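A structural walkthrough
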Amino acid sequence: MSQTSRILLLNGPNLNMLGVREPTHYGSLSLAAIEAKVRVLAEKYQVSVECFQTNSEEKLINKIHESFKQVDFIIINPAAFTHTSVALRDALLAISIPFVEVHLSNIHKREPFRHHSYLSDVAEGVICGLGAKGYECAFEFAIEYLAK
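Residues numbered from 1 in each chain as written. Predicted model: local features only at pLDDT ≥ 70, side-chain atom pairs only at ≥ 80, totals over all residues. Heavy atoms only, no water.

Quick word on the packing of helix α3 (residues 57–66) against helix α4 (residues 86–95)
Put simply, the rule reads: The axes used here are C-alpha line fits, helices contributing only the stretch in contact, and every angle between their N-to-C directions lies in the interval 0 to 180 degrees. Counting from the N terminus, the helices are DSSP H or I runs at least four residues long and the strands are E runs at least two residues long. Here roughly perpendicular refers to angles of 65 to 115 degrees, roughly parallel to angles under 35, roughly antiparallel to angles over 145, and oblique to all remaining angles. Any pair of residues with heavy atoms lying within 4.5 Å of one another is described as a contacting pair. Just so you know the grouping, Ala, Val, Leu, Ile, Met, Phe, Trp, Tyr, Cys and Pro go in nonpolar, Asp, Glu, Lys and Arg go in charged, and all remaining residues, Gly too, go in polar.
Axis separation between α3 and α4 bottoms out at 9 Å; the angle between their running directions is 5°. One way to sum up the angle between α3 and α4 is to call them roughly parallel. Contacts between α3 and α4 involve Glu57, Leu60, Ile61, Ile64 and His65 from the former and Ala87, Leu88, Ala91, Leu92 and Ile95 from the latter. The residue inventory of the contact of α3 with α4, partitioned by class, reads eight nonpolar, one polar and one charged.

What to know about α4
Using the following cut-off: For every residue, the accessible area obtained with a 1.4 Å probe (protein chains only) is divided by the maximum for its type, and the residue is called buried under 20%, exposed over 50%, and partly exposed between those limits. Taking the helix axis as origin, the arc is that swept by the directions to the C-beta atoms.
For α4, the complete set of buried residues consists of Leu88, Arg89, Ala91, Leu92 and Ile95. The buried side chains of α4 occupy one side of the element, clustering within an arc of 160° when seen end-on. Serine 96 sits one or two residues past α4 and shows a positive phi near 55°.

Side note on helix α2 (residues 31–45)
Side chains three or four residues apart in an α-helix point the same way, a direct result of the helix having 3.6 residues per turn. This is how it is decided: Expected helix span is taken as 1.5 Å per residue step, with the number of steps being one fewer than the number of residues.
Compared with an ideal rise of 1.5 Å per residue, which puts 15 residues at 21 Å, α2 spans 21 Å between its outermost C-alpha atoms and is within 8% of the ideal. For α2, the full list of buried residues reads Leu31, Ile34, Glu35, Val38, Leu41 and Ala42. One side of α2 carries all its buried residues, which in axial view fall inside an arc of 115°. Among the exposed residues of α2, those oriented more than 90 degrees off its buried face are Ala32, Val40, Glu43 and Lys44.

Overview of the UniProt feature "site: Transition state stabilizer" (unreviewed entry) in the protein chain
Rules: UniProt positions are given in the numbering used here, feature names are shortened, and annotations may be inferred rather than shown by experiment.
The sites that UniProt annotates as "site: Transition state stabilizer" (unreviewed entry) are Arg21. By the element assignment, arginine 21 lies in the loop between β1 (6–11) and α1 (23–26). Leaving out residues up to four positions away in the same chain, arginine 21 has contacts with Pro13, Asn14, Leu15 and Tyr26.

Details of the UniProt feature "binding site: substrate" (unreviewed entry) in the protein chain
With numbering aligned to this structure, UniProt lists the feature "binding site: substrate" (unreviewed entry) at Asn77, His83, Asp90, Leu104, Ser105 and Arg114. With a sequence span of 38 residues, these residues are also far apart in the fold, their greatest C-alpha distance being 24.3 Å. Here asparagine 77 lies in strand β3 (residues 73–77). Contacts of asparagine 77, omitting those with residues within four sequence positions, involve Leu10, Asn11, Gly12, Leu15, Val102, His103, Leu104 and Tyr135. Secondary-structure assignment places serine 105 in the loop between β4 (99–103) and β5 (125–128). Setting aside anything within four residues of it in sequence, one finds serine 105 in contact with His25, Tyr26, Arg110, Cys128 and Gly129.

With respect to the packing of α2 against helix α5 (residues 133–147)
Keep this limit in mind: Crossings are sorted by hand: turned counterclockwise from the far helix by less than a right angle, the near helix makes the crossing left-handed, and turned clockwise it makes it right-handed.
One can describe the packing of α2 onto α5 by two numbers: an axis separation of 10 Å at closest approach and a directional angle of 25°. Taken together, the axis directions place α2 and α5 in an arrangement best described as roughly parallel. Along this stretch, α2 crosses α5, giving a crossing that reads as right-handed. Residues Ile34, Lys37, Val38, Leu41, Ala42 and Tyr45 of α2 lie in contact with α5, whose contacting residues are Tyr135, Glu136, Phe139, Glu140 and Ile143. The residue inventory of the contact of α2 with α5, partitioned by class, reads eight nonpolar, no polar and three charged.

Pasting the structure below:
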């Protein structure tokens, strides 16, 4: 594993409200607490991690474009954009950076409109229903993926 390996953690709309927003679905940890856990893992594995959250589809897409040739792996919780954004899918395909899709809740146990993802079929993997632990699993996978 190279010290220069770079992982980008992206979080979509309403995830800034974690810890307050529907804790039965999303848990009681704040996004800052989840990001802190990811930063500890980054230190452990000696990789760079950048965390970014936005409620704006445009800003999320711009961040993905900016990561072209700057990032080695992306972990993304696209939140509601999972089910609505062809533009987000196209942005991820345009940069050809491997990524894992993460969801705190099990989207398949929720409302039918949440069952479809525009990203899952182009992701390296999908983690859902594990709560905040899903981010840690995605990070561990990213480390293994980059080591190959």
